[in-house]
Amino acid sequence: QDGGLERRESHELGVACRVSASGRAGFAAAAGGGARAGRQAALAAFDAMLPSPDPLPPREVLGTSGSALAHPPTEPAQQEAFAHALASALQDASSGVTLVQVRLLGGTSSAALATGEGFLARAAAGGAVVELLLAPPAGPWRPLHFAAPALADLEPEALARRAIEAALLATRGGAPDRQLADVLLAPAV
């Protein structure tokens, strides 16, 4: 609303260990990425063992897929440009909807799997979430969430049109246009 910009960044690293022996299995994780974190995770996994079958199938059943690795994280300058383009598209609209707040969340994760039988695999995931708080001309403010595999998959002008339509929906009492849409259901944090 006042054009202020706040940026936060965090990096986390952890080690997880799953163990299985004599009809028992355990799982634990520890923060960090060195040998100490690996030992802590392994010891905690042994302490957490409960009667259970082996959680992983034998090596000959495990396979790999051709799935691509996640998009690289969006640079802060790209996030800032996207936020400004989205704010501009929302303000240019003659809908009477006011932008209260825009928040961009992006992240990536990667995991490596190594079994006692020598199977190695790597996987990665990523995503971007745009959170908007809009004030329509009548009624309560509307929180809206849009998600995509990467921020580059979202188009500010199209997102602004969808956001305005959603914010005005309750004030008009009509149904939205039929469309396929990604929906992220999560409690506000």
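Everything below is about the structure printed above this text.
Residues numbered from 1 in each chain as written. Predicted model: local features only at pLDDT ≥ 70, side-chain atom pairs only at ≥ 80, totals over all residues. Heavy atoms only, no water.

Undergrad: Please provide a residue-by-residue account of the pattern of salt bridges, values included.
TA: When their charged atoms lie close together, side chains carrying opposite charge are able to pair. For the structure shown, the criterion picks out one salt bridge. Residues arginine 103 and glutamate 131 are paired through a salt bridge, measuring 3.5 Å at the closest nitrogen-oxygen approach. Placement of arginine 103 in strand β4 (residues 98-114) and of glutamate 131 in strand β5 (residues 120-135) is noted, with a sequence separation of 28 residues between them. (Salt bridge = Lys/Arg side-chain N within 4 Å of Asp/Glu carboxyl O. Helix = DSSP H or I, 4+ residues; strand = E, 2+ residues; numbered from the N terminus.)

Undergrad: Give me the lowdown on the sheet that holds strand β2 (residues 24-31), citing residues and values where you can.
TA: With antiparallel pairing, three strands are arranged side by side in an open sheet as β1-β2-β3. Every other strand in the sheet has two partners, leaving β1 (14-21) and β3 (50-51) as the edge strands with one partner each. Packed onto the sheet, helix α1 (residues 35-47) meets β1 and β2 and runs at close to 150 degrees relative to β2. (Pairing = 2+ DSSP bridges. Contact = heavy atoms within 4.5 Å. Axes fitted to C-alpha atoms, helices over the stretch in contact; angles between N-to-C directions.)

Undergrad: How would you sum up the sheet that holds β4? Please name residues and give values.
TA: On the basis of which strands lie adjacent, the open sheet formed by three strands has the order β4-β5-β6 and antiparallel pairing. What marks the edges here is a single partner per strand, and that holds for β4 and β6 (142-148). Put simply, the sheet's adjacent strands are angled 20 degrees from each other on average, direction ignored. Looking at chain direction, β5 and β6 are connected through seven bridges and run antiparallel. Residue pairing for β6: glutamate 131 is matched across the bridge by histidine 145. Docked against the sheet, helix α2 (residues 76-92) engages β4 and β5, running at close to 145 degrees with respect to β4.

Undergrad: Kindly report on unusual backbone geometry, identifying the contributing residues and their values.
TA: Its identity as a non-glycine residue notwithstanding, serine 22 has a phi of 50 degrees, on the positive side. Considering the arrangement of structural elements, one finds serine 22 in the loop between β1 and β2.

Undergrad: Explain the pairing of β6 to me, using residue names and the numbers behind them.
TA: Side chains of β6 alternate between two faces, with Arg142, Leu144, Phe146 and Ala148 buried and Pro143, His145 and Ala147 left unburied. The hairpin turn running from β5 into β6, its antiparallel successor, is six residues long, and glycine 139 in that turn takes a positive phi close to 90 degrees. (Buried < 20%, exposed > 50% of the residue type's maximum accessible area, 1.4 Å probe, protein only.)

Undergrad: Give a description of the side chain of arginine 142 that names residues and reports values.
TA: Among the secondary structure elements, arginine 142 is positioned in strand β6. Comment: no salt bridge for buried arginine 142; closest opposite-charge side chain is glutamate 165, at 11 Å. Within the structure, the side chain of arginine 142 is placed 2.9 Å from the backbone oxygen of proline 140, a separation counted as a polar contact. A polar atom in the side chain of arginine 142 sits 3.4 Å from the backbone oxygen of alanine 167. (Lys, Arg positive; Asp, Glu negative; His and termini not counted. Polar contact = N/O pair within 3.5 Å; in protein donor to acceptor, adjacent residues only side chain to side chain.)

Undergrad: Residues and numbers for the nonpolar core, please.
TA: Counting 22 residues, the largest nonpolar core has Leu86, Leu90, Val130, Leu132 and Leu134 as its most contacted members. Elements that contribute at least two residues to this core include exactly α2, β5, β6 and α3 (156-172). Sort the elements by how many residues they give to this core and α3 lands first, with six residues. Residues in contact with leucine 134, not counting those within four places in the same chain, are Leu90, Val97, Thr98, Leu99, Val100, Trp141, Arg142, Leu144, Ala163, Ile164 and Ala167. Within the second largest apolar cluster, eight residues are counted, among which are Cys17, Val19, Ala28 and Ala45. (Core = buried A, V, L, I, M, F, W, Y, C linked by side-chain atoms within 4.5 Å.)

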